[in-house]
Amino acid sequence: MSQFWSPFVKDLVPYVPGEQPKMTRLVKLNTNENPYGPSPQAIAAMQAEVNDDLRLYPDPNGDRLKQAVARYYGVEANQVFVGNGSDEVLAHAFHALFQHGKPLLFPDITYSFYPVYCGLYGIEPKPIPLDENFQINIADYFRANAGENGGIIFPNPNAPTGCLLPLAAVEQLLKQNTDTVVLVDEAYVDFGGESAIALVNQYPNLLVTQTLSKSRSLAGLRVGIAVGHPDLIEALERIKNSFNSYPLDRMAIAGAAAAFDDREYFNDTCARVINSREAVVAGLEQLGFDVLPSAANFVFARHADKDAAQLAQALREQGIIVRHFKTPRIAQFLRITIGTDEQNQILLDALKAL
Ligand code: PMP
């Protein structure tokens, strides 16, 4: 801190990114990356962009990617926004759609960037407790009513629990909150959820964000999307064009579009992760873990009598990195990303030995 910082920055509590260790040969199961590489067609599309045209700016609108997303989901290209990772898309959505001084409702245990963006944009955070089974109870959101231009945001599946809110419940929540923007953060939806993008034409207050970091295995490329009513998308475009008119470079636009077009590779790798998840859940349960039902590419598990922080540390000493949160209500849990079957077995063997 120094005298040159503005008072606003002095008060800002930033997000702490998950650890990205520099050592190689780790079993890295801490930040929910995909163990399988990106689509070969996406890699080829990016390689094709590495040429003399890099001296030219990219398409500021990323139209090629918007069209690929629109084709994939059966919406119009003007219902799609693209940005530099869904973190940036979310930041623009907070800025454009949630209002200064108004409440934003989100689960008390959820993606920890939400309160950070509230701090950045002066929005009032209003955490709503998960129920005793760590589930979102939509009735709590009716009662807390964001109304009067407050908003609602939640990941579906939720993070770090992995628990899914069925699409019918999402729709019920939308019906009860028609004067409120409802943002569904679907970072993990492709591992067992049903996308609320199916509802965007019925609910002009619904915005759905997704990332290419997980199911499309492009975390290193930094691409996220939002889909919603053209008026919501236009608000995001206004913010974007006041901030960074070229959020996506030429490689990102081409690679992300090709990843959406390669459905076969996408379906195949998602199915592999889902199958492995079921095996990891069974293995953990055999070792005495209680595992929350997961529709994501990670599981959230606690052991009946082993301390989670100590387990995480003991695994780390063997080069296996998982995520542990110090938040009191979830301090007994480990969040474990689903890896390759070989990585998952290394993890289960190490836990067994502990
Ligand atoms: N939303 C949730 C719920 C997440 O867990 C993550 C990943 N940390 C993101 C959004 C952001 O993903 P990215 O910026 O890589 O698109």
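Residues numbered from 1 in each chain as written. Predicted model: local features only at pLDDT ≥ 70, side-chain atom pairs only at ≥ 80, totals over all residues.

- As recorded by an unreviewed UniProt entry, the protein chain carries the name Histidinol-phosphate aminotransferase and is attributed to Venatoribacter cucullus.

1. Topic: the pairing of strand S8 (residues 224-228)
- The element S8 is extensively covered by neighbouring structure, given that five of its five residues are classed as buried.
- Residues Gly224, Ala226 and Gly228 line one face of S8 and the alternating positions Ile225 and Val227 line the opposite face, and both faces are buried.
- As defined by bridge partners, strand S2 (residues 80-83) adjoins S8 across four bridges and the pair is classed as antiparallel. Considered in S8, the bridge of Phe81 is made with Ala226.
- As paired elements, strand S7 (residues 206-211) and S8 share five bridges and run antiparallel to each other. Its bridge partner being in S8, Gln210 is matched across the sheet by Ile225. (Buried ≥ 20, exposed ≤ 12 C-beta atoms within 10 Å, placed from the backbone. Helix = DSSP H or I, 4+ residues; strand = E, 2+ residues; numbered from the N terminus. Pairing = 2+ DSSP bridges.)

2. Concerning the nonpolar core
- Judged by nonpolar contacts, the single largest core of 102 residues is most densely connected at Ala93, Leu207, Val208, Ala226 and Ala256.
- With eight residues, the top contributor of residues to this core is helix H9 (residues 250-261). (Core = buried A, V, L, I, M, F, W, Y, C linked by C-beta atoms within 7 Å.)

3. What about the site of the ligand?
- Near the ligand the following residues occur: Gly85, Ser86, Asp87, Tyr111, Pro155, Ala159, Asp185, Ala187, Thr211, Ser213, Ala219 and Gly224.
- If one sorts the elements of the shell around the ligand by residue count, helix H4 (residues 85-97) sits on top with three residues.
- Residue composition of the shell around the ligand, grouped by class: five nonpolar, five polar and two charged. (Near = placed C-beta within 6 Å. Nonpolar A, V, L, I, M, F, W, Y, C, P; charged D, E, K, R; others polar.)

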